[in-house]
Amino acid sequence: MNVKEMFPDFDQPLIEELEKIGSIVEFHQGDMLMRTGQYFKNTLLILEGMVKLYREGDDGGEFFLYYLEPGNACALSMICATRNETSQIKAIADTPVKALTVPIQHMDDLIRNHRNWYYFVLENYRNRFEELLQVVDQVAFHSMDEKLEFYLARQFAALQSESINITHQQIADDLNSSREVISRLLKKMENRKMIDVSRNEIRRLKNFTELS
């Protein structure tokens, strides 16, 4: 996939500028793209693959925030980079990833000279903010079984697939829970004919409620 295909709202002058100042990079599944406390040197425009973003607690625990998928960029890197702030999240390649890196020293010029980029930054930040509000709502006001259903719905939606390859322990880590609790709740969902659970795979069935 090229930049034009993944970012159709970018006009040709912006694409040419991005290709001039940026570089195509590739990451393997499991590669660490960003660590908590690290300064941003680039923002990433995702061309292929999925990136998983986490928030780390003081106790070393992690909480899954959202995916970056093709056509997305990291809103936090755009905001923090302009203010010379360190990252408050951790980003890991959930699949092999291909991305265009844009050095942060060009951010001001891109915003000033390219209206398409300015609107993209605003829309990207708005989308991520709305998604984080959904996460906060789930954490603050819903039970663990509701959180699990919401979590799985996000995985199916992000991967655009009827099945996901994931372990019970990975889900537990993402939801800051225990494997035993997650296994019990998955079994409950399976009994309700919402999902089919097999080794390291969860398949969505017709009774599974779509993410609103």
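A quick note: this is a predicted structure, and the numbers were derived from the prediction, not measured. (Residues numbered from 1 in each chain as written. Predicted model: local features only at pLDDT ≥ 70, side-chain atom pairs only at ≥ 80, totals over all residues. Heavy atoms only, no water.)

Engineer: Help me out: how do you make sense of the pairing of strand β3 (residues 42-48) in this one?
Structural biologist: Moving residue by residue along a regular strand, the side chains alternate between the two faces of the sheet. In terms of residue burial, β3 counts as a mostly covered element, since 5 of its 7 residues are buried. Note that β3 and strand β7 (residues 97-103) share 6 bridges and pair antiparallel. The residue bridging Thr43 from the neighbouring strand is Val102, located in β7. (Buried < 20%, exposed > 50% of the residue type's maximum accessible area, 1.4 Å probe, protein only. Helix = DSSP H or I, 4+ residues; strand = E, 2+ residues; numbered from the N terminus. Pairing = 2+ DSSP bridges.)

Engineer: Can you walk me through the layout of surface pockets in this structure?
Structural biologist: To find leftover empty space, one rolls a probe the size of a water molecule over the atoms. Looking at the largest pocket, its volume works out to about 390 Å³. Lining the largest pocket are 18 residues, with Lys52, Asp94, Asn165, Ile166 and Gln170 positioned closest to its centre. Broken down by secondary-structure element, the contributors of at least two residues to the lining of the largest pocket are β4 (51-56), β5 (62-68), β6 (90-93), α6 (144-159), β8 (163-165) and α7 (168-174). (1 Å grid on protein atoms, 1.4 Å probe; cavity = no way out; pocket = protein on both sides within 12 Å on 5 of 7 lines; lining within 4 Å. Points joined across faces, edges and corners; volume = space filled by probe spheres on them.)

Engineer: Please clarify how the sheet that holds β3 should be interpreted in this entry.
Structural biologist: Two pairing modes exist for strands in a sheet, parallel and antiparallel, and in both the strands are linked by backbone hydrogen bonds. Read from one edge of the open sheet, 3 strands run β1-β7-β3, paired in antiparallel fashion. One side of each edge strand has no neighbouring strand; the edge strands of this open sheet are β1 (23-27) and β3. Pairwise comparison of adjacent strand axes, ignoring direction, gives a mean angle of 35° for this sheet. In terms of strand pairing, β1 meets β7 through 5 bridges, oriented antiparallel. Paired with Ile24 across the bridge in β7 is Leu100. Along the sheet, helix α2 (residues 12-21) contacts β1, β3 and β7; its crossing angle with β7, the most-contacted strand, is approximately 90°. (Axes fitted to C-alpha atoms, helices over the stretch in contact; angles between N-to-C directions. Contact = heavy atoms within 4.5 Å.)

Engineer: Would you mind going over the packing of aromatic side chains with me for this structure?
Structural biologist: Each aromatic ring pair is specified by the distance between its two centres and by the angle formed by the two planes. Per the stated rule, a full pass over the model turns up 10 aromatic pairs. Arranged with centres 6.0 Å apart and planes meeting at 50°, the rings of Phe10 and Trp117 form a pair that is tilted. On the criterion of sequence distance, the pair formed by Phe10 in the loop between α1 (3-6) and α2 and Trp117 in helix α5 (residues 115-141) is long-range, its members being 107 residues apart. By relative accessible area, which is 2% here, Phe10 ends up buried. Look at Trp117 and you get buried, because its relative accessible area is 0%. Considering the side-chain rings of Phe156 and Phe208, the 5.4 Å spacing of their centres and the 85° angle between planes classify their relative orientation as edge-to-face. Note that Phe156 is positioned in helix α6 and Phe208 in the segment after β10 (201-204), a separation of 52 residues in sequence. Assigned by exposure class, Phe156 and Phe208 land together as buried. An aromatic cluster is defined as three or more aromatic residues linked by ring pairs; in this entry it consists of Phe7, Phe10, Trp117 and Phe120. Directly above the ring of Tyr54 sits Lys90, whose terminal nitrogen or CZ lies 5.9 Å from the centroid. (Phe/Tyr/Trp six-rings, centres within 6.5 Å; stacked < 30°, edge-to-face > 60°. Lys NZ or Arg CZ within 6 Å of the ring centre and 35° of its normal.)

Engineer: For this particular structure, what's the right way to read the pattern of salt bridges?
Structural biologist: Where charged atoms from two side chains of opposite charge come close, those side chains can pair. One pass over the structure, following the stated rule, counts 9 salt bridges. Between Asp174 and Lys52 there is a salt bridge, with the nearest N and O atoms lying 2.9 Å from each other. Residue Asp174 is found in helix α7, and its partner Lys52 is found in strand β4; the two are separated by 122 residues along the sequence. Both residues of the pair, Asp174 and Lys52, belong to the buried class. In this structure, Asp109 engages Arg112 in a salt bridge whose closest nitrogen and oxygen atoms are separated by 2.2 Å. With a gap of 3 residues between them, Asp109 and Arg112 both fall in helix α4 (residues 107-113), about one helical turn apart. (Salt bridge = Lys/Arg side-chain N within 4 Å of Asp/Glu carboxyl O.)

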